[in-house]
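The primary structure of each chain is shown beneath.
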Amino acid sequence: MQRTFSIIKPDAVKRNLIGHINQIIENSELKILASKKMYLTKNQAEIFYQVHKQRPFFNSLVNYMTSGPLQVQVLEGMDAVAKYRKIMGATNPVEAEEGTIRKLYAESIEANSVHGSDSEENANIEISFFFAGSELV
Ligand code: UDP
Ligand code: MG
């Protein structure tokens, strides 16, 4: 069993897609241990995406991620990190496989509907950034 961190991003929350996306997550045998709707502050968004701070899209990404409420979640299952990355699809929806969340729902390479951790180490860092251990049930 492994855990990963998921965000349903502002574009998807705005379009009422939380349930649709969570249906895909649950159909792939990932369990939602914790889920809450929140706004990211500019500071939180900058810390969360600090690995990208030198990239040309960084300021636009921070603005987008603070543009509306999002849903932060912890998922658990077999190979959760890789499994969730697979059902998310490629970062650029144009390149995402059929049936993936981003192929189905993403609006653009930036407003691409979901985030998922890229390693178990980053999953643990991202989970503890948003959730207390007692919230994971
Ligand atoms: N992003 C963007 N332009 C790009 C690449 C990425 O706006 O050219 C955004 C997009 O929202 C993406 C996030 O930055 O999900 C983080 O990028 P990363 O390369 O880590 O992609 P991910 O891990 O989300 O697939
Ligand atoms: Mg990433």
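These figures come from a predicted structure and were not determined experimentally.

Basis of the calculations
- Throughout this description, residue numbers start from 1 for each chain and increase along the sequence as written.
- Chains carry letters from A onward and ligands carry numbers from 1 onward, assigned in written order.
- Under the rules for a predicted model, residues below a pLDDT of 70 receive no local features and side-chain atom pairs below 80 are neither given nor counted, while totals for whole chains, interfaces and linings still include all residues.
- Hydrogen atoms and water are omitted, and side-chain values are computed over all heavy atoms in the structure.
- Being near a molecule or strand, for a residue, comes down to having at least one heavy atom within 4 Å of it.
- Pairs of N or O atoms are called polar contacts if they sit within 3.5 Å, as long as, within protein, a hydrogen donor faces a hydrogen acceptor (for residues adjacent in sequence, only side-chain-to-side-chain pairs).
- Method for areas: the Shrake-Rupley scheme with a 1.4 Å probe, in which residue coverage is limited to the protein chains shown.
- Throughout this description, buried means an accessible area under 20% of the type-specific maximum (1.4 Å probe, protein chains only), exposed means over 50%, and partly exposed covers the range between.
- What counts as a helix is a DSSP run of H or I of at least four residues, what counts as a strand is a run of E of at least two, and both are numbered from the N terminus.
- Here the rule is simple: two strands pair whenever DSSP picks up at least two bridges between them.
- What makes two residues a contact is simply this: any of their non-hydrogen atoms within 4.5 Å.
- Helix axes are fitted only over the stretch in contact, all axes being lines through C-alpha atoms; the angle between N-to-C directions runs from 0 to 180 degrees.

(A) Spatial organisation of the site of ligand 1. Around ligand 1, a shell composed of K9, Y49, H52, F57, L61, R85, T91, R102, I109, E110 and N112 is seen. In this structure, an oxygen atom belonging to ligand 1 sits 2.9 Å away from a side-chain N or O atom of K9. The side chain of H52 places a nitrogen or oxygen atom 2.9 Å from an oxygen atom of ligand 1. Calculation on ligand 1 without its partners gives an accessible area of 500 Å², and the protein chains cover 82% of this total.

(B) The pairing of strand β3 (residues 70-77), seen in detail. Burial analysis of β3 places 7 of its 8 residues in the buried class, which makes it a mostly covered element. With 7 bridges joining them, strand β1 (residues 2-8) and β3 adopt antiparallel strand pairing. By the bridge assignment for β3, Q2 is matched with G77. Sheet topology places strand β2 (residues 31-38) next to β3; 7 bridges connect them, and they run antiparallel. What sits directly across from K37, in β3, is Q71.

(C) Quick look at the side chain of S28. Checked against the element boundaries, S28 lands in the loop between α2 (18-27) and β2. In this structure, S28 is in contact with K83 and I87, ignoring residues within four places of it in sequence.

(D) Layout of the sheet that holds β3. Reading across the sheet, the 4 strands line up as β2-β3-β1-β4 and stay open at both edges, with antiparallel pairing between neighbours. Two strands close off the open sheet at either side, each with one partner strand: β2 and β4 (114-116). Adjacent strand axes in the sheet meet at a mean angle of 20° when their direction is disregarded. Where helix α7 (residues 120-130) meets the sheet, its contacts fall on β1, β2, β3 and β4, and the angle it forms with β1 comes to roughly 60°.

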